[in-house]
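What follows is the residue order along each chain.
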Amino acid sequence: MASSAKSSNTTTQYDPHHIQSITQSRLQNNTDPGNKNQQYILPMFPYPSGQFHMGHARNYTLACTLNQYYHLNGHSTFMPMGWDAFGLPAENAAIKHNKHPKEWTNQNIKQMREEFDRLGLYYNWNYDMRTCEPEYYRWQQWLFIQMYKHDLAYQKNATVNWDPVDQTVLANEQVINGKGWRSGATVERKEIKQWFIKTTAYANDLLSGISTLDKWPSQVKQMQENWIGKSQGLDITFQVEGTDTSVQVFTTRGDTLFGASAILVAPTHPIAKQAANDASIAKQLKPLMTTGVSEAEIEKQEKIGVALNQFAICPISNRKLPIWAANYVLMDYGHGAIMLVPAHCERDHQFATKYNLKIPAVIQAEHDYAKTAYLTKGTLINSGVYDGMSSDEAIIKISHDLQAKNAGKLKEEFRLRDWGVSRQRYWGCPIPMIHCSDCGIVPEKEENLPIKLPTDITFESGTNILKSLPEFLNTTCPKCNKSATRETDTFDTFLDSSWYYARFLSQGDTHHLLDPKLKSSLPVDIYIGGIEHAILHLLYARFINMFLHKIGLSDTKEPFKEMITQGMVLKDGAKMSKSKGNIVTPSDLHATYGADAIRLFILFAAPPTQSLEWSDAGIEGMHRFLKKVHHYFTNQAKPLQTERPEDWLESQKILKQITTDYEKRQLNTTVAGAMKLFNILTNSKDRTLTHEKIEKIFLTVMKPIAPHIALYCSDAIGFEINHWPSIDQETIDHAQIEISIQVNGKMRGKVKVGAQDSEDQVLKAAQSNPIVLKHLDHKQIRKVIFVPGRLLNIVVSA
């Protein structure tokens, strides 16, 4: 093609870094929140570790692409970015490197922000928000006080995962194979005072709300439902022999009451604590405490127990059941006690087999109970007056008989437990509560917020810093003005990230957590993040938003209208990690290929929700494609004053598919569609007026996925990208195409039909074709196979 006048910015060779440097300032299209027709697009904000990895690059590229798409479709877009900046890693790094965690955190934020800019990830940085700043956590303290006033926050003794090296409570997700996720130390069970938020108060709301989340992945909704875990069962009270003490048990299988061969209690249950007055029992109980408290950890670990030399009396049969402490029973689940029913529960079967306890079967079945448990409901046997009843009948009858004895009742139970939010470390949001010897626990006055985290400190590993700072610890009671002490636990970072979506809307507002004029901006239109956050983070965010709704700060109960959970980035089939030596860093890739090639590869290699397998050849291919695009648009010839209707039709069908793919979030096929458009341009011998129009469509389609080269090439041809192209539906509807007609699988002719014609319309046209009609020869049509746009096969009787 002959060269024409080009923009002064064009270069003869494809130089992605030059192109990025002269276009990036024009890609800042974010607006402030609260505009009409706005899309609030929010990826989960990162922890500032300083290491910007391919998972980050993928998550934030997905968000940027959708942001550009909606902007071109006439929406104002709000897409802020912030930093989940508190937490144990920063504190441990500070101890190790003799730096303040804030210095370490801000240094990492600077490094990661440079990576954002380098990769062309353009967010509304006017709303840059850091959870470690008092302006942010002031409103977290205020929020906690409101929950306390609504009886949704409380302190109690609880059994927790305790990391003996990091000297703090760990969330279940932070316990990996029985070890602390950071220290690698064996996690212990420990009973300490903890602050809780009463998520169970909203259990039914959290469960019923799932049905309204029609733009969430079904997998995520199922995970939420399973975690909340609503079930119907029986509360049963067993009297402890020879005492005034009783032990309560919840079971969903009341029909197996006669199959119980023991009662198991948690190692921290009051009965176990009392039994521990015997030194020999106390010694045996100790190993039961060196394990995590998550269900996942409990399932994997060996089931061990200790006989407590006490017996519980069954309120129906009066049988004596030995009481044991077991490591797989948790104090915070149910009542901290279960019936051991080894014939009908696999975990119980393992325990009973190990300790040679009885395995009485109470459900009729041809089954070898010595080998495994039988889990299915059925007809009762060995159950006294309940023999012959179905399981469901027996549960109702047993519940009535227990109620008559004042020893049990039907009960609705949830797997969901209250949310433990306190951690025994320094680098976190101070909990705004005060302990007074006269008044008890008292919240800080709201006008005194924020309670600032002291910054003039010295780190010593294994110490609770806040307890050692008199200027922080000592205060006066807000109620009686007497001397009092502050709470020295800090909030877990799960709380920091459970409400940030609301604060982004009012960043900088010193009077409201969320400006009343902006509350209609919730819910977030599109929320994007990893599947690993599909349970607790989303559950806590949903809970907080329901509370914000209750106190009038949000117009909706749910925080996120649409959820996109992106898959992991893999190399050689494994998740990228330093330990596996398979890390590919975005910064190294950028130095070689530039931002647009990385973006294209990330989008093209896999659908957003699936894992992405890294491929050196893949990104090389994207780089070559961009070089071709650059060459095409910087070496333009004037168009011939002719049209190519067939190319226009093809471009419109592709544009329609790309638009559909965007709306369905199939962003990998939007890249494939852009490549098809480019093929129309490069497969033509001559550049025509039709191609001139297709070029503009192509560059517009490219802007969300490879924005720098799209702007650069549009400058080269004097075109301004300012809106998504309209689909020429009339051309598509009235286009004539040829369809191959087969009879019993053999080609018999072709017919011209409308591109949008139905199967019946194409069949009618085929039956009007003399050659086809000859082969039909008045035979009975048994079946018609229609492949739209390609062929129609008429199957007739022989």
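Check the entry above for the structure.
Our subject in this report is the structure included herewith. (Residues numbered from 1 in each chain as written. Predicted model: local features only at pLDDT ≥ 70, side-chain atom pairs only at ≥ 80, totals over all residues. Heavy atoms only, no water.)

1. Brief notes about the overall build of the chain
Here comes step 1: Counting its secondary structure elements, the chain contains 26 helices and 32 strands.
Here comes step 2: By principal-axis analysis of the C-alpha atoms, the chain measures approximately 105 × 80 × 50 Å.
Here comes step 3: Burial status across the chain gives 54% buried among its 798 residues.
Here comes step 4: Contacts in the chain between residues at least 24 apart in sequence constitute 72% of all its contacts with a sequence separation of at least 6.
Here comes step 5: Of the accessible surface of the chain, which amounts to about 34800 Å², a share of 48% is contributed by carbon and sulfur atoms.
Here comes step 6: Within the chain, the 84 negative side-chain charges are centred at a point lying 3 Å from the centre of the 87 positive side-chain charges. (Helix = DSSP H or I, 4+ residues; strand = E, 2+ residues; numbered from the N terminus. Buried < 20%, exposed > 50% of the residue type's maximum accessible area, 1.4 Å probe, protein only. Contact = heavy atoms within 4.5 Å. Areas by Shrake-Rupley, 256 points an atom, 1.4 Å probe, with all protein chains shown as cover. Lys, Arg positive; Asp, Glu negative; His and termini not counted. Charge placed at Lys NZ, Arg CZ, Asp CG, Glu CD.)

2. Examining helix α16 (residues 536-550)
Here comes step 1: Compared with an ideal rise of 1.5 Å per residue, which puts 15 residues at 21 Å, α16 spans 21 Å between its outermost C-alpha atoms and is within 8% of the ideal.
Here comes step 2: In terms of residue burial, α16 counts as a mostly covered element, since 13 of its 15 residues are buried.
Here comes step 3: Following α16 by one or two positions, glycine 552 adopts a phi angle in the positive range, close to 85°. (Expected span 1.5 Å × (residues − 1).)

3. Quick look at the packing of aromatic side chains
Here comes step 1: Counted according to the given criterion, the structure contains 41 aromatic pairs.
Here comes step 2: Judged by centre distance (5.1 Å) and plane angle (40°), the rings of tyrosine 60 and phenylalanine 116 are tilted. Within this pair, whereas tyrosine 60 is found in helix α2 (residues 54-72), its partner phenylalanine 116 is found in helix α4 (residues 101-118), the two being separated by 56 residues in sequence. Comparing tyrosine 60 with phenylalanine 116, the two get one shared label, buried.
Here comes step 3: Through pairs of rings, three or more aromatic residues link up here, namely Phe52, Tyr60, Trp83, Phe116, Tyr123 and Trp125.
Here comes step 4: Over the face of the ring belonging to tryptophan 125 we find arginine 113, whose NZ or CZ atom lies 4.0 Å from the ring centre.
Here comes step 5: The aromatic ring of phenylalanine 311 is capped on one face by lysine 320, whose charged end is 5.0 Å from the ring centroid. (Phe/Tyr/Trp six-rings, centres within 6.5 Å; stacked < 30°, edge-to-face > 60°. Lys NZ or Arg CZ within 6 Å of the ring centre and 35° of its normal.)

4. A look at the sheet that holds strand β9 (residues 188-197)
Here comes step 1: Across the sheet, four strands lie side by side as β6-β5-β9-β17; this open sheet has antiparallel pairing. The open sheet has two free edges, formed respectively by β6 (168-170) and β17 (419-420), since each of these has just one partner strand. (Pairing = 2+ DSSP bridges.)

5. As for the pairing of strand β30 (residues 746-754)
Here comes step 1: Taken together, the eight bridges between strand β29 (residues 736-743) and β30 define a ladder with antiparallel strand orientation. The residue bridging serine 740 from the neighbouring strand is lysine 750, located in β30.
Here comes step 2: The hairpin formed by β29 and β30 contains two residues between the paired strands, and asparagine 744 there has a positive phi angle of roughly 50°.

6. Some remarks on the environment of aspartate 733
Here comes step 1: Within the element layout of this structure, aspartate 733 appears in helix α24 (residues 729-734).
Here comes step 2: Aspartate 733 gets classed as partly exposed once you look at its relative accessible area, which sits at 35%.

7. Topic: helix α7 (residues 218-228)
In an α-helix there are 3.6 residues to a turn, and that puts residues three or four apart on one side.
Here comes step 1: Within α7 the residues assigned to the buried category are Val220, Gln224, Trp227 and Ile228. Seen end-on, α7 carries its buried residues on one side only, within an arc spanning 100°.
Here comes step 2: Structurally, α7 contributes buried residues whose contacts are with α6 (203-209), β10 (230-240), β16 (408-414), α16 and β25 (560-566).
Here comes step 3: Glycine 229 sits one or two positions beyond α7 and adopts a positive phi of about 55°. (Arc of directions from axis to C-beta.)

8. Looking at the pairing of strand β14 (residues 320-326)
Here comes step 1: Of all the seven residues making up β14, five are buried; the element is thus mostly covered by neighbouring parts of the structure.
Here comes step 2: Here three bridges tie strand β12 (residues 262-265) to β14, and the two strands are oriented parallel to one another. Within the sheet, the bridge partner assigned to leucine 264 lies in β14 and is tryptophan 324.
Here comes step 3: Examined bridge by bridge, strand β13 (residues 305-313) and β14 share seven bridges and lie antiparallel to one another. Opposite isoleucine 313, over in β14, you have lysine 320 as the bridge partner.
Here comes step 4: Between β13 and β14, which follow one another and run antiparallel, lie six residues, and asparagine 318 among them has a positive phi close to 65°.

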